[in-house]
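Residue-level structural notes
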Amino acid sequence: SLGRSKKKGWDYIHRGLAYYKLEEKDKAMSDLEYGIALLPGNAQAHYEVGHVRLSNGDTAGAIKNLNEAIKIDSRHYLALID
């Protein structure tokens, strides 16, 4: 089981991305959301969640995460592209 410390935030993001690639969307979103809760000021974390949401057809949720990524880092080109 993963710990609850902020340094574990990327572990949740990476595991969520792995679940996403395995098409286990519920598990993926659970881990991704928990990961950004541990990394609220990390543009890349918000981008990853936004990108998965966009791929799943959750446009409104994706825009929220992608906008947050851009707010944190206005030069985050992947968030700008999505």
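In what follows, the structure referred to is the one given above.
Everything in this summary refers to the structure shown in the same document.

Analysis parameters
Residues numbered from 1 in each chain as written. Predicted model: local features only at pLDDT ≥ 70, side-chain atom pairs only at ≥ 80, totals over all residues. Heavy atoms only, no water. Core = buried A, V, L, I, M, F, W, Y, C linked by side-chain atoms within 4.5 Å. Buried < 20%, exposed > 50% of the residue type's maximum accessible area, 1.4 Å probe, protein only. Helix = DSSP H or I, 4+ residues; strand = E, 2+ residues; numbered from the N terminus. Contact = heavy atoms within 4.5 Å. Phe/Tyr/Trp six-rings, centres within 6.5 Å; stacked < 30°, edge-to-face > 60°.

Turning to the nonpolar core, a few remarks are in order. Residues I13, L17, M29, L32, I36, L39, A45, V49 and V52 constitute the largest nonpolar core, which totals nine residues. Of all the secondary-structure elements, those providing two or more residues to this core are α1 (9–21), α2 (25–38) and α3 (43–55). Non-local contacts of I13, meaning those with residues more than four positions away in its chain, are made with D31, L32, G35, I36, L39, A45, E48 and V49. Formed by six residues, the second largest nonpolar core is a distinct cluster that contains A62, L66, A69 and A79.

One pass over the full model with this rule turns up one aromatic pair. With a centroid separation of 4.7 Å and an interplanar angle of 65 degrees, the aromatic rings of Y12 and Y34 are classed as edge-to-face. Here the residue Y12 occupies a position in helix α1, and Y34 occupies one in helix α2, the gap between them amounting to 22 residues.

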